[in-house]
Amino acid sequence: MMSHLTQMKLMTILMLLAVAVPVSGQTVDNQAASYNFPKLKSGIAMPVEIPLPEISNIINASVKELIYEDDSYTDNDNDQFKVKVWKTRPIRLVSGTQQNLLIEVPLKIWAEKGIGTLGLYTYQHTTFETVMSFSTTISLKNNWTITTATEPNGFRWVTKPTLDFGRIQIPITPIVEKNMKEQQEKFSKTIDRQIATQLNFSQYAAMAWNALSQPFLISEEYDTWLKVSPVSTKLTPLKFYKDRIDTSIGIDVYSETFTGSRPTASEPVKTVPDFTFVPALADRFRIQTTTNIPFTEATRIAQNMFLDKEFEIQGSAAKIKDIRVYGVADRVMMEAQTEGYVNGKVFISGIPVYDEGKKKIILSETKFNLRTTNILQKTASLLFRKKIVKMIEEEYGIPTQDIEETSRKSIEEALNKEYYKGIKMSGKVFSLKPSQILLNPYGITAVIDTDANLHLLLSEI
């Protein structure tokens, strides 16, 4: 039977593929009690490496030390022959040249033979060694089941069995080989059965698929939830190397971030949809994550930049006494209270965009409006308008470098972990930048495109 540890690891594999790099619902204003972020489709491509020693462990666990024993002289038509066969060292696997595995089973054999007649026999025994060989082809069906076909591949005698009766030397190789060929046929079926049982991914894929349907709490402080829904999967053909089998898994997922309450889980499935074979997958994959900048933070940045800042205009001055930032439709609105040359409220709105050179979210397509009761100030506001709009366009921006570095760090931490004993992941982020800037009632959501790679190593199956 498969161990609980093995079951859990296999169940977790697909789950890790999808949630290794979760969409991050970062800090939001506490008022954001019910806002749901955009539903994003992401694709992950991941090379998977299965070391051959781990498959060896499966086979070794299924083959006892004492492989075969004939302890009767009189069976097999009174052949006056006894034999015992032991496995002397762990079974060894290497890759063949035809997408197959070569399996070697080192054996020690003890044999005893009697010669004589009419019930009078003289017995001699000997011990010798041989290596029994098999060839196994492995294929993965698109319903997640593994099939193998193991065939006997003969013997390699380390020492040939011979019995010494003084002047008579009796080779017993034919007798031993007859028994061993029968055992090889049984071994072949045992190997196929064990690999199919231990590496049956179908039921574990369904368990992982259903586990993904359960939302994950990613921020207790802001009651933020992540729901990852796998959509479809792809797989490249198995490739056999000297010491491992490689493939790549691609999985398409929808990632949704929720705040305020736990989202409803998807309906559980009994079987996972079949995957699609593809010749290759890109070495790198792109995912999208989101980060949220509350308007309270955008306001704090504006206050640090412009509060009490003065503008010289025609020998006079105007000062910003208060400023706040909020959203109106698809535009960010900056509302500034000014005094001096202009007493009133200044409204400057713009569409938020990402400036890669400045590494800031800035305002574009700005519009200006002045509310004041002084008609003369309204007519004289053109110069003031030019100065304050230019200042906002050139100086104001929400820095994203810290956001990008924090996202890079958290993603790489997620990509380089041993989530469960026997499942090791390693990955690297190559590029990371905001691609879309969206507004919500409580802040600015930056959709961040991330290019990365990921590698999965299975050990101790």
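Residues numbered from 1 in each chain as written. Predicted model: local features only at pLDDT ≥ 70, side-chain atom pairs only at ≥ 80, totals over all residues. Heavy atoms only, no water.

## So, the sheet that holds strand 17 (residues 316-328)
- The strand order across the open sheet formed by 6 strands is 16-17-18-19-20-21, and the pairing between neighbours is antiparallel. Pairing within the sheet leaves two strands with one partner each, and these edge strands are strand 16 (310-313) and strand 21 (398-399).
- Strands strand 17, strand 18 (331-340), strand 20 (360-371) and strand 21 of the sheet are contacted by helix 6 (residues 295-306), whose axis makes an angle of about 170° with strand 17. (Pairing = 2+ DSSP bridges. Helix = DSSP H or I, 4+ residues; strand = E, 2+ residues; numbered from the N terminus. Contact = heavy atoms within 4.5 Å. Axes fitted to C-alpha atoms, helices over the stretch in contact; angles between N-to-C directions.)

## Description of the packing of aromatic side chains
- Counting across every chain of the model gives 6 aromatic pairs.
- Their ring planes at 20° and their centres at 6.0 Å tell us that Phe-155 and Trp-157 sit as a pair that is stacked.
- Relative accessible area serves as the criterion here: at 17%, Trp-157 is assigned to the buried category.
- Centroid distance Phe-306 to Tyr-396: 6.3 Å. Interplanar angle 40°. Geometry classified as tilted. In this pair, Phe-306 is assigned in helix 6 and Tyr-396 in the loop between helix 8 (381-395) and strand 21, connecting sequence segments 90 residues apart.
- Phe-306 gets classed as buried once you look at its relative accessible area, which sits at 0%.
- Within the aromatic cluster, the residues linked to one another by ring pairs are Phe-128, Phe-155 and Trp-157.
- The ring of Trp-86 is capped by Lys-108, whose NZ or CZ atom sits 5.0 Å from the centre of that ring.
- Here Arg-244 stacks its cationic end above the ring of Tyr-241, 4.3 Å away from the centre of that ring. (Phe/Tyr/Trp six-rings, centres within 6.5 Å; stacked < 30°, edge-to-face > 60°. Buried < 20%, exposed > 50% of the residue type's maximum accessible area, 1.4 Å probe, protein only. Lys NZ or Arg CZ within 6 Å of the ring centre and 35° of its normal.)

## Focus on the nonpolar core
- If you look at the biggest cluster of nonpolar residues, it comprises 52 residues, and the most contacted ones within it are Phe-306, Met-334, Phe-384, Ile-388, Ile-392 and Tyr-396.
- Beyond its immediate chain neighbours, meaning those up to four positions away, Met-334 contacts Ala-302, Phe-306, Ile-323, Arg-324, Val-325, Val-346, Phe-347, Ile-348, Leu-363, Ile-392 and Tyr-396. (Core = buried A, V, L, I, M, F, W, Y, C linked by side-chain atoms within 4.5 Å.)

## Looking at helix 6
- For helix 6, spanning 12 residues, the distance from its first C-alpha to its last is 16 Å, which sits close to the expected 16 Å at 1.5 Å a residue.
- Three or more residues of helix 6 are buried, namely Phe-295, Ala-298, Thr-299, Ile-301, Ala-302 and Phe-306. The arc enclosing the buried residues of helix 6, seen along the axis, measures out at 160°, which places them on a common side.
- Downstream of helix 6 by one or two residues, Asp-308 has phi in the positive range, about 65°. (Expected span 1.5 Å × (residues − 1). Arc of directions from axis to C-beta.)

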